[in-house]
Amino acid sequence: ASEPVFDLPGGGGPEVQPVLEPPRVLAKSLREVGDVLGNSGLAGRLRLVLALDCTRSNAEKGKRTFGGRSLHRIHAAGANTMPNPFEETIIAVGRAVEAANGGASVPVSLFGFGDRQSRDRDVFSFHGNGSGRCASYKEALERYRQLIGKLELDGPTSYAPAIYKAMEAAREAQAGEMVVLLIITDGQVTQRVMPAAG
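Note that this is a predicted model, so its numbers are computed, not measured.

J.: What's the story with the overall build of the protein chain in this structure? I'm lost.
T.: When you go through the protein chain residue by residue, the secondary structure sums to five helices and seven strands. Of the regular secondary structure in the protein chain, the N- to C-terminal order runs β-β-α-β-α-α-β-β-β-α-α-β. Residue burial in the protein chain is summarised as follows: out of 198 residues, 36% are buried. Approximately 11,300 Å² of the protein chain is accessible, and the part contributed by carbon and sulfur atoms is 52%.

Following this line, the structure appears as C-alpha cells:
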C-alpha cells in the first residue's frame with residue numbers, strides 16, 4: 001500500500017505520512033474519556049488544544065435549538081445562568097482532562113475559526129498573545145466569555161486551519177507530551193477541500 005503525501009504549511013515540501021488505522025471507539029461519554037486518559041499513564045503530560053467554530057451558522061442553529069439565541073450567547077452571571085453549548089463543552093472536557101491528569105490543571109491552547117477575520121483560512125487566538133495558551137480550562141473559559149461577544153461570526157467553515165494549528169502544537173510539544181485536539185462546532189461544514197496553506 002502506498003503512503004499518502006501531504007504538503008504541510010511552513011514549506012519544506014511534502015512529508016510522507018504513515019497510513020493510520022481507523023480509531024477504535026474507546027469511550028462513549030466524557031466520563032469515559034477521562035477514564036481512558038487517566039488510565040493511559042499520561043498524567044502530567046497532557047495538553048489540550050480547543051478550536052471553536054465562530055461561524056454564522058452558530059447563530060442560525062441556535063434559533064432552532066437554543067431558544068432562538070446564538071449558540072455562543074453568553075448570559076449575565078446570576079442564579080439563573082444557563083451556559084451555552086460551547087461553555088458546557090469547555091467545562092465538561094476540561095474537567096474530564098484534569099481528572100485524567102491527576103486533578104492538576106492542563107494547559108489549554110484556545111483558538112477560534114470562521115469569524116470575519118479568520119474565515120476558512122486561519123485561526124485566531126482567544127488569548128491575545130498569539131500563543132493561545134491558557135494555564136487551565138477555567139482560564140480558557142474566561143477568555144472565551146470575554147471575547148466571543150466582540151467577534152463578527154462569519155464563515156465558511158473549514159477545520160483545516162485548526163488541524164494545522166494542532167499539528168504545530170504537537171511539533172512544539174515536549175518529549176512525551178500528548179496533544180489532544182478538540183474541535184467544538186455546530187456540525188455544519190461548508191468546505192470539504194482543505195484550503196492551500198499559507
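J.: Would you explain helix α4 (residues 137-147) in this entry?
T.: Working note: α-helix, 3.6 residues per turn, so residues spaced by three or four point in the same direction. Burial in α4 covers these residues: Tyr137, Ala140, Leu141 and Tyr144. Down the axis of α4, the sector holding all buried residues measures 100°, keeping them to one side. Buried residues along α4 sit in contact with β3 (46-53), α3 (85-100), β4 (108-113) and β6 (133-134).

J.: Which parts of the structure should I look at to understand unusual backbone geometry?
T.: Most peptide bonds take the trans configuration, and most residues that are not glycine carry a negative phi. Of note, the bond from Gly155 into Pro156 is cis; its omega dihedral lies within 30 degrees of zero at 0°. Here Pro156 shows up in the loop between α4 and α5 (160-172). You will see that Arg119, though not glycine, has its phi angle at about 45°, which is positive. Within the secondary structure, Arg119 is located in the loop between β4 and β5 (124-125).

J.: Before we go on, may I ask you to explain the nonpolar core in this structure?
T.: Taken as a class, soluble globular proteins show a tendency for nonpolar side chains to be buried jointly. Within the largest apolar cluster, 28 residues are counted, with the highest numbers of intra-cluster contacts made by Leu52, Phe126 and Tyr144. Every element with two or more residues in this core is listed here: β3, α3, β4 and α4. Residue contacts for Tyr144: discarding those within four places in its chain leaves Leu52, Leu71, His72, Ile74, Asn84, Phe86, Glu87, Ile90, Leu110 and Phe126. One finds Val49, Phe111, Ala162 and Ala166 within the second-largest nonpolar core, a separate group that totals eight residues.

J.: How should the pairing of β3 be read in this particular structure?
T.: Moving residue by residue along a regular strand, the side chains alternate between the two faces of the sheet. The buried fraction of β3 is high, at eight of eight residues. Bridging between β3 and strand β7 (residues 178-184) involves seven bridges; their strand directions are parallel. Across the sheet, residue Arg47 finds its bridge partner in β7, namely Val179.

J.: Would you mind going over the packing of aromatic side chains with me for this structure?
T.: Note on aromatic pairs: each is described by the distance of the centres and the angle between the planes. Counted by the stated rule, this structure contains four aromatic pairs. Plain terms: the ring middles of Phe86 and Tyr144 are 6.4 Å apart, the flat faces sit at 25° to each other, and that makes the pair stacked. Of the two residues, Phe86 is situated in helix α3 and Tyr144 in helix α4; the sequence distance between them amounts to 58 residues. For the residue pair Phe86 and Tyr144, the accessibility class agrees, reading buried in each case. Seen in terms of ring centroids, Phe124 and Phe126 are 5.0 Å apart; in terms of plane orientation they differ by 50°. Their pairing is tilted. Residue classification places Phe124 among the buried residues on the basis of a relative accessible area of 17%.

J.: What am I meant to see in α3 here?
T.: Compared with the 22 Å implied by 1.5 Å per residue over 16 residues, the 22 Å span of α3 between its first and last C-alpha is a close match. When α3 is considered as a whole, its buried residues turn out to be Phe86, Glu87, Ile90, Ile91, Val93, Gly94, Ala96, Val97, Glu98 and Ala100. Structurally, the start of α3 carries an N-cap: the backbone nitrogen of Phe86 is 2.8 Å from a side-chain oxygen of Asn84.

Rules behind the numbers
Residues numbered from 1 in each chain as written. Predicted model: local features only at pLDDT ≥ 70, side-chain atom pairs only at ≥ 80, totals over all residues. Heavy atoms only, no water. Helix = DSSP H or I, 4+ residues; strand = E, 2+ residues; numbered from the N terminus. Buried < 20%, exposed > 50% of the residue type's maximum accessible area, 1.4 Å probe, protein only. Areas by Shrake-Rupley, 256 points an atom, 1.4 Å probe, with all protein chains shown as cover. Arc of directions from axis to C-beta. Contact = heavy atoms within 4.5 Å. Core = buried A, V, L, I, M, F, W, Y, C linked by side-chain atoms within 4.5 Å. Pairing = 2+ DSSP bridges. Phe/Tyr/Trp six-rings, centres within 6.5 Å; stacked < 30°, edge-to-face > 60°. Expected span 1.5 Å × (residues − 1). Polar contact = N/O pair within 3.5 Å; in protein donor to acceptor, adjacent residues only side chain to side chain.

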